[in-house]
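# Observations on the three-dimensional arrangement
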Amino acid sequence: MTDVTGAHADVLHTLFRSEQGGHEQVVLCQDRASGLKAVIAIHSTALGPALGGTRFYPYASEQEAVADALNLARGMSYKNAMAGLDHGGGKAVIIGDPELIKSEELLLAYGRCVASLGGRYVTACDVGTYVADMDVVARECRWTTGRSPENGGAGDSSVLTAFGVYQGMRASAQHLWGDPTLRGRTVGVAGVGKVGHHLVRHLLDEGAEVVITDVRSEAVERVVAAHPAVRRVADTDALIRVEGLDVYAPCALGGALNDATVPVLTARVVCGAANNQLAHPGVEKDLADRGILYAPDYVVNAGGVIQVADELHGFDFDRCRAKAAKIFDTTLAIFARAKEDGIPPAAAADRIAEQRMAEARAAHTR
């Protein structure tokens, strides 16, 4: 079903009328010469220019791409607010298989699209885009982060993303078991790519037992070759059923926590790097009802955005690492708020983030 503009009506309903909407701006970008088709979604600029990565993915439809951009942009508003950044939330998606259509011409065209927003949106890396890609985008757009050190950037943000998730995991252990150590705990990591393989190293260094899986066999082989003590299982379905699993870390794409996975999950804690882990509203309550502690994804995976935001002001790794270390305290504060208000941690995090954004909006109107 479409409306008079030809756009899918349910997309417009999401944007204008649903609780998941409220976005300030959505831009459709196209460059026929290079094959670029992209969506840039700006959810909020209450705290400052919208900041969020560029996802390059072979979506099944344009409608799916728009929906993903809307969801991801909204998540970035909450993530940036909880990370204490002076940035709102935005996200961009480029439609297509990056292995087939990514080119210098396409990335330059995309850079021009971002630049046309005049700084309302600052872009960075995400699934399917890398530091080298941001170097190309930056040639047409100065509002680009996640660039290489050779080009004035901070480089790979996955290092601090993994460090932040590790801090969230330590906070979860502190809250649930009274001790922040993960020594002797069994942690299952689903997805050992850009972020996941760094997380595995943190866990092993502390003495945790680690079980991994990934849809890409080469990613698994790389980790096992570097860390022979790591166990592997066939897939995520097997991982979430591992007997004695203490922590489950979804580090691939979103929707990992759903009506099929939550009832069979053996872990007591869920804390991972993936965005939008809750497949739909209500899953957070299902987790709580089962006694599973959920560390909100957009809180614990904020290390990367802390890094790329710092790049705008002259990158300092030690300063960023210190900020990312505070994810430990932020996660504990969320668990405390959840207990105080009698709500799941995901709802508590939302309330804290919404309060910060509301205060910023109120300050603008004074």
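Residues numbered from 1 in each chain as written. Predicted model: local features only at pLDDT ≥ 70, side-chain atom pairs only at ≥ 80, totals over all residues. Heavy atoms only, no water.

## A few points about the side chain of serine 157
Looking at where serine 157 falls in the secondary structure, it is placed in the loop between helix H5 (131–137) and helix H6 (158–177). Non-local contacts of serine 157, meaning those with residues more than four positions away in its chain, are made with Gly304, Gln307 and Val308. (Helix = DSSP H or I, 4+ residues; strand = E, 2+ residues; numbered from the N terminus. Contact = heavy atoms within 4.5 Å.)

## A closer look at the nonpolar core
Buried together is how nonpolar side chains tend to be arranged in soluble globular proteins. Among the nonpolar cores identified, the biggest contains 45 residues, and Met169, Val189, Val192, Leu199, Val200, Leu203 and Ile212 are the most heavily contacted of them. The leading source of residues in this core is H6, at seven residues. Setting aside its immediate chain neighbours within four residues, valine 189 contacts Gly196, Leu199, Val200, Leu203, Val210, Val211, Ile212, Thr213, Leu239, Ala249 and Cys251. Grouped together as the second largest cluster of nonpolar side chains are 24 residues, Phe56, Tyr121, Val137 and Cys141 included. (Core = buried A, V, L, I, M, F, W, Y, C linked by side-chain atoms within 4.5 Å. Buried < 20%, exposed > 50% of the residue type's maximum accessible area, 1.4 Å probe, protein only.)

## Remarks on the pairing of strand E5 (residues 88–95)
Most of E5 is tucked away, with eight of its eight residues classed as buried. Alternating positions in E5 separate into two faces, Gly88, Gly90, Ala92 and Ile94 on one and Gly89, Lys91, Val93 and Ile95 on the other, with burial throughout. Relative to E5, strand E2 (residues 36–44) runs antiparallel, the two being bridged by six bridges. In the sheet register, serine 44 faces E5, and the bridge partner there is glycine 89. Strand direction decides the pairing type here: strand E3 (residues 50–51) and E5, joined by two bridges, are parallel. Bridge pairing links alanine 50 to glycine 88 in E5. As paired strands, strand E4 (residues 54–57) and E5 are joined by four bridges and run parallel to one another. (Pairing = 2+ DSSP bridges.)

## Concerning the confidence of the model for the chain
Across the chain, the average pLDDT comes to 93, with 96% of residues at 70 or higher. This stretch, residues 1–7, has a pLDDT under 50; its non-local contacts, to residues over four places away or in other chains, come to 10 contacts. (pLDDT = per-residue confidence, 0-100.)

## Observations regarding helix H7 (residues 196–206)
Taken together, the buried positions of H7 are Gly196, His198, Leu199, Val200, His202, Leu203 and Glu206. At the C-terminal side of H7, glycine 207 shows a positive phi close to 100°.

## What to know about the packing of aromatic side chains
Here the distance between the centres and the angle between the planes together describe a pair of aromatic rings. Applying the stated rule across the entire model yields three aromatic pairs. On the basis of an interplanar angle of 70° and a centroid distance of 5.1 Å, the ring pair of tyrosine 57 and tyrosine 59 is categorised as edge-to-face. When the ring of phenylalanine 315 is compared with that of phenylalanine 317, the centres are 6.4 Å apart and the planes differ by 75°; the resulting orientation is edge-to-face. Judged by relative accessible area, which is 28%, phenylalanine 315 ranks as partly exposed. By relative accessible area, which is 35% here, phenylalanine 317 ends up partly exposed. A cation over a ring is seen here: arginine 185 above tryptophan 177, with NZ or CZ 3.8 Å from the ring centre. (Phe/Tyr/Trp six-rings, centres within 6.5 Å; stacked < 30°, edge-to-face > 60°. Lys NZ or Arg CZ within 6 Å of the ring centre and 35° of its normal.)

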